[in-house]
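A structural walkthrough
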Amino acid sequence: MNREPRPFNVGLIQMRCSTDPDDNLRRADALLRQAADRGVQIACLPELFRTQYFCQAEEAARFDLAEPIPGPTTKVLGQVASETRMAVVGSIFERRAAGVYHNTAVVIDADGTLRGRYRKMHIPDDPLYYEKYYFTPGDLGFQAFDTSFARVGTLVCWDQWYPEAARLTALQGADILFYPTAIGWHPAEKVEFGQAQTDAWETIQRGHAIANGVYVAAVNRIGHEGPAGGGLEFWGSSFLADPLGRVIARAGVDTEQVLIATCDPRLQEQTRRNWPFLRDRRIDAYTPITQRFLDQGQP
C-alpha cells in the first residue's frame, strides 16, 4: 500500500476490565467510537481487554475464554472500524486449535478488513503472570501491517522489555509500535518497588523509540483484579513517545481515558537523518546475538 507520509491521530484506550466479557466488549466499542468522534484514525485497546487478567492462576476452565480469529471480537471491532473509518488494534485470547492458544494482536483497517495478526512472542511466567500455562509462543515472527493511515507494528506487553523485538518490527517500516499491555503492581510490593517498576517500564520503551526512530505507544488497563489484599493493581499510565523518546501524551494511573495524540512521519524522517542509528548498524558483527548467552572460558 503506497501512502504519502501524513500526520495521523492515534487513540490509546485505557480502560477498566470487569468480570463480564460482553460488558467489556460493549464498553470498548463505546470508547472506540468516542475516540473516532474526537478525530482518532488509529486506536489501540489494552491487552486481553475482553476479560479480567485471567493468568493470575492456572485453571483449565479459563481456556473457555478463548475464541477463534476471525470470531466474535474481531466481528465487533471490524464493525466499529468500518462504521467510523478508523483502524483498530485489538488484543484477543486466540483459540487456534484444541490445546493451542495464543495471545494475539489483530490489526483491522478502516474498512473493517483484518490486515493481519501478531502472536505474542515472549511469554512470561512470574507470580500472578502464569502466561506459559495458557499461551503457545508466537510463530508468525515480528510484523508490521499497512493501514489506511500508517504502517503499524504490533507487539504485546512482555515484548516491551526486548529491544530485539522492537528493532525487528521497526526494520519492517513501522511508523509506530503499539504495545497492548496488562501490567501492574503486586500490592504488597508497591511501596518498595512500585516507582522503580513503572520508571523502568516507561524508560525501556522510550529507549525503543529513540533507538529505532519510531513512535511507541503503550496501552495499559487500570484497576485492581483478584482477591482483596492480593491480586494485581494495574498501573495505567498509558503513554505515547515520539522518535526522540519524548512522552507527548500520558494517561493517569487509575482513570479510564481515551488518550489522543498526533504522530508525524516527517519527524521520524528528520530524526533518523540526524541520528542515523539504522544506517550505522554493524549487521556483519551481530551474529552472536542469536545465542542464548556467550559463555566465557568453557571448553
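Worth saying up front: this structure is predicted, and the values here are computed from it rather than measured.

In this section: the sheet that holds strand β13 (residues 222-225). Sheet architecture is open: three strands sit in the order β11-β14-β13, paired in antiparallel fashion. Edge positions in the open sheet fall to β11 (184-185) and β13, since each of these has one partner strand only. As defined by bridge partners, β11 adjoins strand β14 (residues 232-235) across two bridges and the pair is classed as antiparallel. Across the sheet, the residue bridging to Trp185 is Glu233, located in β14.

Throughout the structure, instances matching the rule amount to 24 salt bridges. Across the pair Arg27 and Glu256 runs a salt bridge whose closest N-O atoms are separated by 2.8 Å. Taken together, the positions of Arg27 in helix α1 (residues 21-37) and Glu256 in the loop between β16 (247-250) and β17 (257-263) put the pair 229 residues apart, joining distant regions of the chain. The exposure class assigned to Arg27 is partly exposed, which follows from its relative accessible area of 23%. Overlapping salt bridges bring together Glu94, Arg96, Arg117, Arg119 and Asp139 as one network.

Right, let's talk about the state of the cysteines for a bit. Scanning all chains against the criterion turns up zero disulfides. Cys157 provides the cysteine sulfur closest to Cys44, a residue in no disulfide bond, and the two sulfurs are 12 Å apart. With a relative accessible area of 0%, Cys44 lands in the buried category. Its sulfur unpaired, Cys157 is 9.8 Å from the next cysteine sulfur, which belongs to Cys55. Using a relative accessible area of 7% as the deciding quantity, one classes Cys157 as buried.

Running from amino to carboxyl end, α1 crosses helix α2 (residues 72-84) at an angle of 20 degrees, the nearest separation of the two axes being 10 Å. As the angle between them shows, α1 and α2 are arranged roughly parallel. Where α1 crosses over α2, the handedness of that crossing is right-handed. Two secondary-structure elements touch here, α1 through Leu25, Asp29, Leu32, Arg33 and Ala36 and α2 through Thr73, Val76, Leu77, Val80, Glu83 and Thr84.

What counts, and where the lines are drawn
- Residues numbered from 1 in each chain as written.
- Predicted model: local features only at pLDDT ≥ 70, side-chain atom pairs only at ≥ 80, totals over all residues.
- Heavy atoms only, no water.
- Pairing = 2+ DSSP bridges.
- Helix = DSSP H or I, 4+ residues; strand = E, 2+ residues; numbered from the N terminus.
- Salt bridge = Lys/Arg side-chain N within 4 Å of Asp/Glu carboxyl O.
- Buried < 20%, exposed > 50% of the residue type's maximum accessible area, 1.4 Å probe, protein only.
- Disulfide = S-S within 2.5 Å.
- Axes fitted to C-alpha atoms, helices over the stretch in contact; angles between N-to-C directions.
- Parallel < 35°, antiparallel > 145°, perpendicular 65-115°, else oblique.
- Left-handed = near helix turned anticlockwise from the far one by under 90°.
- Contact = heavy atoms within 4.5 Å.

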